[in-house]
Amino acid sequence: MKTELMSANYAAARSAVSARVEVVAAYPITPATTVPEQVALLNEKGIFKGQFIRVESEHSAIFACIGASSTGARAFTATSSNGLLYMDEGLHWAAAARLPIVVNNVNRSVSPSWNIHVSHDDSYSKRDTGWIQFYVASVDELYHTLIQSFKLAEDERVLMPVLVNSDGFVLSHTVSTFDYLEPEEVDKFLPPYSPPHYVMDPENPVSMGNIVFPEFYEEFRYGMHEGTHNAAKVYKEVEKDYKKLFGKYFGGPIDCYMCDDAEVVFTSQGSMGAEAKDAVSELREEGYKVGNARIRMIRPFPTDEIRKLGGRVKAFASFDRGVSYGFGGPVANDIRSTLYHTEHRPMVKSYIGGLGGRDMTVTDIKEVILDTVKAVESGELGPEETWHDLLE
Amino acid sequence: MPKTSYSKPMIGATGETGSWRTFDPVVDYDECNRCRTCWLHCPEAVITLDEDGTPHTDYDYCKGCGICAQVCPKKCIEMVRTDERKRRTGEV
């Protein structure tokens with residue numbers, strides 16, 4: 001392990017080297033472009049030893065990965081926003097074909113209005129595809145989560161693809177240190193992918209994506225649900241191994257900070273969760289019993305962890321950098337439904353903001369947390385949903 | 001249950017798909033010159049050839065698309081309603 005200094009996108013490209021990815025098929029889109037750009041460069045230098053396939057669209061990129069993964073190859077790609085949306089059909093296909101592809105989605109707002117900065121709407125809209133979803137808060141976490149994702153996706157109990165989300169520009173183009181692992185080091189953790197079911201092989205042909213009529217279709221869908229559910233348990237094992245081998249641990253599905261005795265817990269996804277640590281530290285100094293729960297995994301949703309946390313706090317201040325139009329904050333609503341069948345149901349206040357890359361500073365986060373603190377103190381929930389910093 | 005749907009190549013993996021048919025190709029063997037054009041174009045590969053090139057359609061799997069009739073240079077493949085063909089051959 002050695003310390004390198006790179007942007008999150010370059011580090012993502014390095015993860016393809018470390019994990020001995022065999023096929024990368026990608027199409028450029030800001031802010032993900034420098035991921036495949038760097039993979040191409042590393043390929044030219046002979047550092048990335050897999051195949052780099054240039055394709056004409058994101059739709060083709062994901063389907064080239066599907067083809068590669070169907071032959072038993074380890075496949076990876078990166079995209080953003082409209083690119084991820086253009087992959088949609090392939091995302092559903094990869095999940096239902098149980099192909100352990102890993103994609104780095106560099107979160108970017110969806111158009112129109114045209115905007116290249118971060119919102120989580122692109123990946124939120126993919127929650128129901130079956131893909132496991134992570135949100136990371138640092139360059140180091142992105143690099144190591146990508147490597148962990150291959151192990152998780154390829155586990156026979158899971159066998160589902162993984163989307164690792166990193167905030168556009170805030171992470172993608174921000175240079176920071178991370179601990180790089182040589183492929184020889186990762187070998188101890190990640191063996192070559194060996195598919196437990198069919199592979200496409202001209203010597204032993206199979207037909208995939210066959211017609212399945214009502215007699216069995218539902219059972220295949222149940223299998224997907226089980227696979228994604230199992231990821232919660234399997235990821236714990238993956239993290240344990242990873243910590244033992246490399247000393248790296250990012251907090252499980254929810255990275256909790258000062259949550260033990262907290263009355264109000266702030267939840268968020270992505271890089272804002274790192275910023276929120278500072279906000280919580282400052283509020284603690286000011287005497288508020290608050291904590292920070294950075295939600296790293298939204299599918300499978302960490303219901304056990306949320307219920308455990310919900311059992312001891314008075315309120316959640318749940319921040320979403322995206323919207324389910326007509327219903328509200330996607331993760332806030334997931335937290336609410338997770339807590340519905342529990343005895344102790346704390347307040348869940350939903351906040352939406354930081355859209356289109358609008359900066360969410362420590363001051364903003366403190367303001368949000370204090371709004372929930374006020375609700376707890378007064379005993380009045382107030383508005384269920386607040387759009388933070390919304391102009392008149 | 002396998003994890004996902006896939007099959008090994010075999011005859012009739014999805015049942016006898018010939019039941020999907022409405023029209024059946026019927027070759028007029030007096031006119032047919034054994035050119036094999038129909039055999040070459042059949043998307044389901046259900047046309048087999050005798051040694052002299054005489055085509056035979058496997059009605060268990062032919063889906064009745066009519067491509068063979070379209071491409072036949074001699075226009076000697078007629079698409080006939082399934083029940084009509086069966087009446088002609090005495091199957092019904």
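Throughout what follows, the structure given in this document is the object of discussion.

What counts, and at which threshold
Residues numbered from 1 in each chain as written. Chains lettered and ligands numbered in written order. Predicted model: local features only at pLDDT ≥ 70, side-chain atom pairs only at ≥ 80, totals over all residues. Heavy atoms only, no water. Helix = DSSP H or I, 4+ residues; strand = E, 2+ residues; numbered from the N terminus. Rg over C-alpha atoms; globule rule 2.2 N^0.38 Å. Areas by Shrake-Rupley, 256 points an atom, 1.4 Å probe, with all protein chains shown as cover. Lys, Arg positive; Asp, Glu negative; His and termini not counted. Charge placed at Lys NZ, Arg CZ, Asp CG, Glu CD. Buried < 20%, exposed > 50% of the residue type's maximum accessible area, 1.4 Å probe, protein only. Contact = heavy atoms within 4.5 Å. Axes fitted to C-alpha atoms, helices over the stretch in contact; angles between N-to-C directions. Parallel < 35°, antiparallel > 145°, perpendicular 65-115°, else oblique. Left-handed = near helix turned anticlockwise from the far one by under 90°. Pairing = 2+ DSSP bridges. Buried area = accessible area lost by both parts, 1.4 Å probe. Salt bridge = Lys/Arg side-chain N within 4 Å of Asp/Glu carboxyl O. Polar contact = N/O pair within 3.5 Å; in protein donor to acceptor, adjacent residues only side chain to side chain. Nonpolar A, V, L, I, M, F, W, Y, C, P; charged D, E, K, R; others polar. Core = buried A, V, L, I, M, F, W, Y, C linked by side-chain atoms within 4.5 Å. Patch = residues over 30% accessible without salt bridge, like charges linked within 9 Å, V, L, I, M, F, W, Y side chains within 5 Å. 1 Å grid on protein atoms, 1.4 Å probe; cavity = no way out; pocket = protein on both sides within 12 Å on 5 of 7 lines; lining within 4 Å. Points joined across faces, edges and corners; volume = space filled by probe spheres on them. Right-handed = clockwise from strand over helix to strand, strands pointing away.

## A word on the overall build of chain A
Phase 1: Within chain A, the secondary structure is distributed over 13 helices and 16 strands.
Phase 2: Computed over the C-alpha atoms, the radius of gyration of chain A is 21 Å, within 12% of the 21 Å expected from 2.2 N^0.38 for a compact globule of 392 residues.
Phase 3: Counting only C-alpha atoms, chain A reaches 70 × 55 × 45 Å along its principal axes.
Phase 4: Carbon and sulfur atoms provide 52% of the accessible area of chain A, an area that totals close to 16,400 Å².
Phase 5: Looking at charge distribution, chain A has the averaged site of its 38 positive side-chain charges lying 4 Å from that of its 55 negative ones.

## Some thoughts on the overall build of chain B
Phase 1: When helices and strands are counted, chain B shows 3 helices and 5 strands.
Phase 2: Secondary structure of chain B in N-to-C order comes out as β-β-α-β-β-α-β-α.
Phase 3: Here chain B, with 92 residues, has 33% of them falling under the buried criterion.
Phase 4: Restricting to contacts in chain B with at least 6 residues of sequence separation, those with at least 24 account for 63%.
Phase 5: Surface accessibility of chain B: about 5,900 Å² in total, with carbon and sulfur atoms responsible for 49%.
Phase 6: In chain B, 13 side chains carry a positive charge and 15 a negative one; their mean positions are 7 Å apart.

## Observations concerning the packing of helix H3 (residues 58-70) of chain A against helix H5 (residues 88-96) of chain A
All names here are of chain A.
Phase 1: Where H3 meets H5, the axes come as close as 8 Å, and the angle between the chain directions of the two elements is 15°. Of the possible angle classes, the one that applies to H3 and H5 is roughly parallel. The way H3 lies across H5 gives a crossing that is left-handed. Here His 59, Ile 62, Phe 63 and Ile 66 of H3 lie close against H5, whose contacting residues are Glu 89, Gly 90, Leu 91, Trp 93 and Ala 94.

## Comments concerning the sheet that holds strand E12 (residues 290-295) of chain A
Residue and element names in this part refer to chain A.
Phase 1: One open sheet accounts for 6 strands, arranged E10-E12-E11-E14-E15-E16; its pairing is mixed. One side of each edge strand has no neighbouring strand; the edge strands of this open sheet are strand E10 (254-257) and strand E16 (385-387). Each strand of the sheet is rotated relative to its neighbour by a mean of 20°, with strand direction disregarded.
Phase 2: Judged from the 5 bridges that link them, strand E11 (residues 264-268) and E12 form a sheet pairing that is parallel. By the bridge assignment for E12, Thr 267 is matched with Ala 293.
Phase 3: Together, E10, E11, E12 and strand E14 (315-320) form the strand contacts of helix H10 (residues 272-285), whose direction differs from that of E12 by roughly 175°.

## Brief notes about the interface of chain A and chain B
Accessible area lost on assembly of the parts is the figure often given for the size of an interface.
Phase 1: Taken residue by residue, the interface counts 19 residues in chain A and 11 residues in chain B.
Phase 2: Buried area between chain A and chain B, both sides added, is near 1,300 Å², and the carbon and sulfur share of it is 66%.
Phase 3: In this assembly, chain A and chain B are joined by 0 salt bridges.
Phase 4: Our enumeration of links across chain A and chain B arrives at 5 residue pairs in polar contact (both at pLDDT 80 or more).
Phase 5: Taken together, the residues of the side of chain A that touches chain B sort by class into 11 nonpolar, 5 polar and 3 charged.
Phase 6: Alignment of strand E9 (residues 207-208) of chain A against strand E1 (residues 6-7) of chain B, held across 2 bridges, turns out to be antiparallel. Considered in E1 of chain B, the bridge of Met 208 of chain A is made with Tyr 6 of chain B.

## A short note on the nonpolar core
Residue and element names in this part refer to chain A.
Phase 1: Ranked by internal contacts, the top residues of the largest apolar core, which has 74 residues, are Val 24, Phe 76, Ile 101, Trp 131, Ile 132 and Leu 152.
Phase 2: Of all the elements, helix H7 (residues 139-154) adds the most residues to this core, at 8 residues.
Phase 3: When near neighbours in sequence (up to four residues on either side) are disregarded, Val 24 contacts Ala 16, Val 39, Phe 48, Gln 51, Phe 52, Ile 53 and Phe 76.
Phase 4: Grouped together as the second largest cluster of nonpolar side chains are 21 residues, Val 264, Ala 315, Val 362 and Ala 375 included.

## A word on the side chain of His 144 of chain A
Residue and element names in this part refer to chain A.
Phase 1: Position of His 144 relative to the elements: it lies in helix H7.
Phase 2: Among the residues examined, His 144 registers a relative accessible area of 0% and is labelled buried.
Phase 3: Reaching out from His 144, the side chain makes a polar contact with the side chain of Tyr 242 at a distance of 2.7 Å.
Phase 4: Residues in contact with His 144, not counting those within four places in the same chain, are Asp 179, Leu 181, Tyr 242, Lys 248 and Phe 250.

## Some details on the packing of helix H1 (residues 8-18) of chain A against H7 of chain A
Residue and element names in this part refer to chain A.
Phase 1: It is at 9 Å that the axes of H1 and H7 come closest, and there the two elements cross at 25°. Taken together, the axes of H1 and H7 are roughly parallel relative to one another. Here H1 and H7 pass one another in a crossing that is right-handed. Between H1, through Ala 8, Ala 11, Ala 12, Arg 14, Ser 15 and Ser 18, and H7, the contact on the second element is made entirely by Val 139, Leu 142, Tyr 143, Leu 146 and Ile 147.
Phase 2: Class assignment of the residues belonging to the contact of H1 with H7 gives a composition of 8 nonpolar, 2 polar and 1 charged.

## A few points about a nonpolar patch on the surface
Phase 1: On the surface, a nonpolar cluster with roughly 340 Å² of combined accessible area is contributed by Ile 211 and Phe 213 of chain A together with Trp 20 of chain B.
Phase 2: Summarising the element assignment, Trp 20 of chain B is placed in the loop between E1 and strand E2 (23-27).

## Quick word on empty space enclosed by the protein
Space left empty within the atom packing is revealed by a probe, the size of a water molecule, rolled over the atoms.
Residues and elements named next belong to chain B.
Phase 1: The full count for this structure, using the stated rule, is 2 cavities of 30 Å³ or more.
Phase 2: Taken as a whole, the largest cavity spans an internal volume of roughly 100 Å³.
Phase 3: If you trace the largest cavity, you find 15 residues lining it, with Cys 42, Val 46, Cys 62, Gly 64 and Cys 65 closest to the centre.
Phase 4: Estimates place the volume of the second largest cavity at around 80 Å³.
Phase 5: Contributing to the lining of the second largest cavity are 14 residues, with Cys 32, Cys 35, Cys 38, Cys 72 and Cys 76 lying nearest its centre.

## A look at the pairing of strand E3 (residues 51-54) of chain A
Residues and elements named next belong to chain A.
Phase 1: The pairing of strand E2 (residues 23-26) with E3 spans 4 bridges and is classified as parallel. Note on E3: the bridge partner recorded for Ala 26 is Arg 54.
Phase 2: Where the polypeptide runs from E2 across helix H2 (residues 34-44) and back to E3, its parallel neighbour, the crossover connection is right-handed.

Keep in mind these numbers describe shape, not what the thing actually does.
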